[in-house]
Amino acid sequence: MVVVVDTVSATPLRPRHPEKVNRPDALSPPKPDWIRVRAPNTRGYADTRRIVKENGLVTVCEEAGCPNIGECWDKKHATFMIMGDTCTRACAFCNVKTGMPGALDASEPEHVAEATFKLGLAHIVITSVDRDDLADGGAAHFAQTIRAIRARCPTTTIEILTPDFLRKDGALEVVVAAKPDVFNHNLETVPSHYLAVRPGARYFHSIRLLQRVKEIDPTIFTKSGIMVGLGEERHEVLQVMDDLRSANVDFLTIGQYLQPTRKHHAVMRYVPPDEFSGYEKLAYAKGFLMVSASPLTRSSHHAGDDFVRLRAARAALSG
Ligand code: SF4
């Protein structure tokens, strides 16, 4: 039996996923050769880590156990996770701690802005835990963080990766009014897997959320992503692409699901690189401005370079 304990924060005896502790172990097949990552031990990595810690910030890179952390942090690319390290949802794929979060830190927007400045980022990605406990789902805090970064780093472009704000009327509008450059909300998986993989979410609500962003402010780029290898069928992935295009989503990411612990959803299959290339070609054919599909693709991986290409693709389209 594996007890899923917290190995990231300073309270190692609290189960990180209390809701998963009594689940049977789910065994994944061994990783194939194409899932290879660099060990996080460079000078750039150490510098990024120091700036993150000095500003008391949480990153999804660490909390989710992202395989790209060695590469990203070496280049000073970190994705900040605001509103704490504890999530009110309990998705079957996610290694972020589950529980009742603490109060919001009113100084966090300034700290995120300061760290963005110190890291010298041309493009920053901000995500958050789900905050179903807050009346606005954390929308005002997101908006304050965007404004603080704009004030401290006026040339930095801002990408947000938000929760779904389910049952939080008016929350989305507050975030969109702060004018992020990219609004990302991940679908994570195909609709038939929502109950098992993303039980607190609703597929069509997430699609509608992305659609609403474009309706309110068509200048904002929209982005969404899924993981594959959770047992989905190919035709379901193609359906997700069509649904996202119906919502006018600009940018699609597709990456391989990796199992954080044996208490999380098993990897059903490692999708080979040529299948990702096939998905990428199809997605472009369906009209996405940008597509990133590879085993190690994550929403925030190479987000800065991708944003430059995204902007160029829109400019080329409008002549
Ligand atoms: S891919 Fe994203 S989450 Fe992973 S290390 Fe890079 S910036 Fe962090």
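This one's a predicted model, so the numbers in the text were calculated from it and none came from an experiment.

Chemist: How should the pattern of salt bridges be read in this particular structure?
Modeler: Think of it this way: side chains of opposite charge can pair up when their charged atoms draw near. Per the stated rule, a full pass over the model turns up 24 salt bridges. Two residues, R50 and E54, come together in a salt bridge whose shortest N-O distance is 3.5 Å. Here R50 and its partner E54 are both found in helix α1 (residues 43–54), 4 residues apart, which amounts to about one turn of the helix. Linked through salt bridges whose partners overlap, the residues forming this network are R89, D130, D132 and D164.

Chemist: Looking at this structure, how should I read helix α4 (residues 108–119)?
Modeler: In an α-helix, one turn spans 3.6 residues, which is why side chains three or four residues apart end up on the same side. The end-to-end C-alpha distance of α4 is 16 Å, a good match for the 16 Å that 12 residues give at a rise of 1.5 Å each. For α4, the full list of buried residues reads E108, P109, V112, A113, A115, T116 and L119. When α4 is viewed along its axis, its buried side chains cluster within an angular range of 165° and face the same direction. Buried positions along α4 lie against α1, β1 (79–82), β4 (123–128) and α5 (139–152). Among the residues trailing α4, G120 stands out with phi positive, at a value near 65°.

Chemist: Please clarify how the nonpolar core should be interpreted in this entry.
Modeler: Residues F80, I126 and F183 are the most contacted members of the largest nonpolar core, which totals 45 residues. The greatest single-element share of this core, amounting to 6 residues, is contributed by α5. In contact with F183, other than residues within four places in its own chain, are I160, T162, L172, V175, V176, L209, L210, V213, I220, F221, T222 and K223. Counting 25 residues, the second-largest nonpolar core is a separate cluster that includes L187, I226, V228 and I254.

Chemist: What should I look at first to understand the packing of helix α9 (residues 234–246) against helix α10 (residues 273–285) in this one?
Modeler: Describing two packed helices takes the angle between their axes plus the distance from one axis to the other. Packing of α9 against α10 leaves a shortest axis separation of 10 Å and a crossing angle of 35°. Read as a crossing pair, α9 and α10 show a hand that is right-handed. For the pair formed by α9 and α10, the contact residues are R234, V237, L238 and M241 on the first element and Y279, L282 and A283 on the second. For the contact of α9 with α10, the residue count by class is 6 nonpolar, no polar and 1 charged.

Chemist: How do you make sense of the packing of aromatic side chains when you look at a structure like this?
Modeler: For any two aromatic rings, the description comes down to two numbers: the centre-to-centre distance and the angle of the planes. In this structure the tally under the stated criterion is 4 aromatic pairs. Ring centres 5.0 Å apart and planes at 85° place the aromatic pair Y203 and F204 in the edge-to-face group. With a relative accessible area of 61%, F204 lands in the exposed category. Measuring from ring centre to ring centre gives 5.8 Å for F221 and F307, while their planes differ by 90°; the resulting arrangement is edge-to-face. Taken together, the positions of F221 in strand β7 (residues 221–228) and F307 in helix α11 (residues 303–317) put the pair 86 residues apart, joining distant regions of the chain. The pair F221 / F307 is uniform in exposure class, with both members buried. Three or more aromatic residues joined by ring pairs form one cluster here, namely Y194, Y203 and F204. Here the guanidinium or amino end of R245 rests over the ring plane of F288, the centre of that ring lying 5.6 Å away. Seen from the ring of F221, R314 lies directly overhead, with NZ or CZ sitting 3.6 Å from the centre.

Chemist: Explain the site of the ligand here, please?
Modeler: By nearness alone, every residue bordering the ligand is listed as V60, C61, C66, N68, I69, C72, H77, T79, R298, S300 and H301. Secondary structure elements with two or more residues in the shell around the ligand: α2 (60–63) and α3 (69–74). Of the residues that constitute the shell around the ligand, the class distribution is 5 nonpolar, 5 polar and 1 charged.

Chemist: I tried to follow the sheet that holds β4 on my own but got confused; where do I start?
Modeler: The strands that make up a sheet are held in pairs by hydrogen bonds between backbone atoms, and each pair lies either parallel or antiparallel. Strand order across the open sheet formed by 7 strands is β1-β4-β5-β6-β7-β8-β9, with parallel pairing between neighbours. The sheet terminates laterally at β1 and β9 (290–293), the two strands that pair on one side only. Direction aside, neighbouring strands of the sheet carry axes that sit 20° apart on average. Sitting on the sheet, α10 touches β7, β8 (251–256) and β9, and the angle it makes with β9 is about 170°.

Chemist: Where do I start with the side chain of T59 in this structure?
Modeler: Relative to the helices and strands, T59 resides in the loop between α1 and α2. Sequence-distant contacts of T59, that is, excluding residues within four places in its chain, are made with V52, W73, A78, T79, F80 and M81.

Chemist: It is not clear to me how the state of the cysteines should be interpreted in this structure. Could you clarify?
Modeler: Each disulfide consists of a covalent bond between the sulfur atoms of two cysteine residues. Applying the stated criterion across every chain yields a total of 0 disulfides. With no disulfide of its own, C87 has C94 as its nearest cysteine by sulfur position, at a separation of 6.4 Å. In this structure C87 comes out as buried when scored by relative accessible area, which is 12%. This cysteine, C153, is not joined by any disulfide, and C61 carries the nearest cysteine sulfur, 17 Å off.

Rules and cut-offs
- Residues numbered from 1 in each chain as written.
- Predicted model: local features only at pLDDT ≥ 70, side-chain atom pairs only at ≥ 80, totals over all residues.
- Heavy atoms only, no water.
- Salt bridge = Lys/Arg side-chain N within 4 Å of Asp/Glu carboxyl O.
- Helix = DSSP H or I, 4+ residues; strand = E, 2+ residues; numbered from the N terminus.
- Expected span 1.5 Å × (residues − 1).
- Buried < 20%, exposed > 50% of the residue type's maximum accessible area, 1.4 Å probe, protein only.
- Arc of directions from axis to C-beta.
- Contact = heavy atoms within 4.5 Å.
- Core = buried A, V, L, I, M, F, W, Y, C linked by side-chain atoms within 4.5 Å.
- Axes fitted to C-alpha atoms, helices over the stretch in contact; angles between N-to-C directions.
- Left-handed = near helix turned anticlockwise from the far one by under 90°.
- Nonpolar A, V, L, I, M, F, W, Y, C, P; charged D, E, K, R; others polar.
- Phe/Tyr/Trp six-rings, centres within 6.5 Å; stacked < 30°, edge-to-face > 60°.
- Lys NZ or Arg CZ within 6 Å of the ring centre and 35° of its normal.
- Near = heavy atom within 4 Å.
- Pairing = 2+ DSSP bridges.
- Disulfide = S-S within 2.5 Å.

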